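Next come the chains, spelled out residue by residue.
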Protein chains: 2
Amino acid sequence: MEVNNIIDHLTQHGVKPSPQRLNIYKYLIEEKNHPTVDTIFKDLIGAMPTLSKTTVYNTLKLFIDKGVAKVINIENNETRYDADTSIHGHFKCEKCLKVFDINIDMSEIKTLDISGFLIKETHFYLKGICKKCRSD
Amino acid sequence: MEVNNIIDHLTQHGVKPSPQRLNIYKYLIEEKNHPTVDTIFKDLIGAMPTLSKTTVYNTLKLFIDKGVAKVINIENNETRYDADTSIHGHFKCEKCLKVFDINIDMSEIKTLDISGFLIKETHFYLKGICKKCRSD
DNA sequence: ATTAATTTTGCAACAATTACAATAATGTAA
DNA sequence: TTACATTATTGTAATTGTTGCAAAATTAAT
Ligand SMILES: [Mn+2]
Ligand SMILES: [Mn+2]
Ligand SMILES: [Zn+2]
Ligand SMILES: [Zn+2]
């Protein structure tokens, strides 16, 4: 995606695109690596030497609030973030520690024993060993 | 479930049933409340005044290792535990904060874009507002 | 009864996150 | 432009959930 599109996307969701916000958002959509705050910070501090970890926290919180990112909770003590806000699942490999996207069809699942419940978020993830790590 | 059955169940899974372990396990299967360490500790300290929070952590870790309990990660910074080790999902109400069980049929989901992957754990949860809280 | 092995406990250390106030940057109106 | 108000960023301290570790207590074996 081009920078102008990114700026538009953020702006349309009520996120003023400061340099830090722009870079963090670009990082999320380009890397698609479901990073932690620490990963983002370490990967961006080179290009933005004054970046503060607090800013990363603040920015991600803002992204979540405005709906341009969402949280992925797979391990506790390891909050990850995803700029893909569509409903999809994840697979975390316990060897290489990578997090892969999984397409899921939630159509029927939603209507089991929770009729009358208001669903706001759907989360699905698997843990195991990825194809590559199995063959190593 | 009777205490003798509980003892057998723990023993068969390689967990020596000390008083602390027995009480914590009984708590899990009786309350079915998907508690945090803190909740367990606060609810049991009355009956076991010498109980240590470290013991709760140790015990739950042992339960997980031996397969008589599993971790539920819905919020980060809020690790919950479940003695129901079958594959099932959860719904967390953001008003009353209760966690409900959901039956799920994973049959098809497992075979989408992760062929060749070894699946060890399946996690599914929803967040929203429960029926009761909606009508209040 | 001694000794060895296991379990529990208390406290210190740690790491992720949040609170908060100071600084910097940006926007707005004379 | 200058002056002022608003917003964003930063650094540090505080908080919280968790783990490490060694001493004390309990249980098992000899
Ligand atoms: Mn994703
Ligand atoms: Mn459950
Ligand atoms: Zn892997
Ligand atoms: Zn509720």
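In this text the structure is predicted, and so the values were computed from the model without any measurement.

Draft legend 1. Examining the overall build of chain A more closely. Broken down by element type, chain A carries five helices and five strands. The helix and strand sequence of chain A, counted from the amino end, reads α-α-α-α-β-β-β-β-β-α. Judged by the C-alpha coordinates and their principal axes, chain A covers about 45 × 45 × 30 Å. Looking at chain A as a whole, 42% of its 136 residues qualify as buried. Each charge sign in chain A was given a centre, from 19 positive and 18 negative side chains, and these centres are 4 Å apart.

Draft legend 2. The interface of chain B and chain A, seen in detail. Contacts between the two partners involve 36 residues from chain B and, on the opposite side, 36 residues from chain A. For the pair chain B and chain A, the two sides together bury roughly 3500 Å², of which 56% comes from carbon and sulfur. Connecting chain B to chain A are two salt bridges. Linking Glu94(A) and Lys120(B) is a salt bridge whose minimum nitrogen-to-oxygen distance equals 2.7 Å. Inspection of the chain B/chain A interface yields 18 residue pairs in polar contact (both at pLDDT 80 or more). Counting residues per element, the ones that place at least two in the side of chain B that touches chain A are strand S1 (70-75), strand S4 (99-102), strand S5 (118-129) and helix H5 (131-135) of chain B. Of the residues forming the side of chain B that touches chain A, the biggest block, twelve residues, is contributed by S5(B). Residue composition of the side of chain B that touches chain A, grouped by class: 17 nonpolar, nine polar and ten charged. In terms of strand pairing, strand S5 (residues 118-129) of chain A meets S5(B) through eleven bridges, oriented antiparallel. Residue pairing in the sheet places Glu121(A) in a bridge with Lys127(B) of S5(B).

Draft legend 3. Highlighting the domain arrangement of chain A. Residue and element names in this part refer to chain A. Domain annotation for chain A reports domain 1 (3-82) and domain 2 (89-135). Using C-alpha coordinates to define each centre, domain 1 is positioned 22 Å away from domain 2. The partner domain 2 presents eight residues to the nine residues of domain 1 that form the contact. Where domain 1 touches domain 2, the interface holds three salt bridges. The shortest N-O distance in the salt bridge between Glu 75 and Lys 92 comes to 3.3 Å. Summed over the shared surface of domain 1 and domain 2, the result is nine residue pairs in polar contact (both at pLDDT 80 or more). Of all the secondary-structure elements, those providing two or more residues to the side of domain 1 that touches domain 2 are strand S1 (70-75) and strand S2 (78-82). Counting residues per element, the side of domain 1 that touches domain 2 draws most heavily on S1, which supplies five residues.

Draft legend 4. Structural context of the coordination of the manganese ion (ligand 1). Residues and elements named next belong to chain A. The coordination sphere of the manganese ion (ligand 1) contains the protein donors His 34 (NE2), Asp 82 (OD), His 88 (NE2), His 90 (NE2) and Asp 101 (OD), at a distance range of 2.0 to 2.3 Å. Counting along the primary sequence, the residues that act as donors to the manganese ion (ligand 1) give the motif H-x47-D-x5-H-x1-H-x10-D. Pair noted here: His 34 is in the loop between helix H2 (19-31) and helix H3 (37-44) and His 90 is in strand S3 (residues 89-93), with a separation of 56 residues, a long-range link. For His 90, a relative accessible area of 4% gives the class buried.

Draft legend 5. Representation of the relation of the copies chain B and chain A. Mapping chain B onto chain A calls for a screw motion: a turn of 180° about the axis and a shift of 0.0 Å along it, with 0.0 Å RMSD after fitting. One copy is carried onto the other by what is essentially a two-fold rotation axis. Looking at the rotation axis and the C-alpha trace of chain B, the residue lying nearest is Phe124(B), at 2.2 Å.

Draft legend 6. Representation of the coordination of the manganese ion (ligand 2). Residues and elements named next belong to chain B. With distances of 2.0 to 2.3 Å, the protein atoms coordinating the manganese ion (ligand 2) are His 34 (NE2), Asp 82 (OD), His 88 (NE2), His 90 (NE2) and Asp 101 (OD). Sequence spacing of the donors to the manganese ion (ligand 2): H-x47-D-x5-H-x1-H-x10-D. Each of the two residues, His 88 as well as His 90, counts as buried.

Draft legend 7. Structural detail: the protein's contact with DNA strand D. Around DNA strand D sit 15 residues in total, of which Ser18(A), Gln20(A), Thr50(A), Thr55(A) and Thr79(B) are the nearest. In DNA strand D, atoms within 4 Å of the protein come from the sugar-phosphate backbone in 75% of cases. Ser52(A) places a polar main-chain atom, nitrogen or oxygen, 3.1 Å from a phosphate oxygen of DNA strand D. Take Asn76(A): an N or O atom from its side chain is 3.2 Å from a phosphate oxygen of DNA strand D. The leading source of residues in the surface near DNA strand D is helix H4 (residues 53-66) of chain A, at three residues. Looking at side-chain class alone, the surface near DNA strand D contains two nonpolar, eleven polar and two charged residues.

Reading guide: rules and limits
- Residues numbered from 1 in each chain as written.
- Chains lettered and ligands numbered in written order.
- Predicted model: local features only at pLDDT ≥ 70, side-chain atom pairs only at ≥ 80, totals over all residues.
- Heavy atoms only, no water.
- Helix = DSSP H or I, 4+ residues; strand = E, 2+ residues; numbered from the N terminus.
- Buried < 20%, exposed > 50% of the residue type's maximum accessible area, 1.4 Å probe, protein only.
- Lys, Arg positive; Asp, Glu negative; His and termini not counted.
- Charge placed at Lys NZ, Arg CZ, Asp CG, Glu CD.
- Contact = heavy atoms within 4.5 Å.
- Buried area = accessible area lost by both parts, 1.4 Å probe.
- Salt bridge = Lys/Arg side-chain N within 4 Å of Asp/Glu carboxyl O.
- Polar contact = N/O pair within 3.5 Å; in protein donor to acceptor, adjacent residues only side chain to side chain.
- Nonpolar A, V, L, I, M, F, W, Y, C, P; charged D, E, K, R; others polar.
- Pairing = 2+ DSSP bridges.
- Domains from an automatic or database assignment.
- Donors = N, O, S within 2.8 Å, 3.2 Å for Na, K, Ca; no water.
- Least-squares fit on C-alpha atoms with pLDDT ≥ 70 in both.
- Near = heavy atom within 4 Å.

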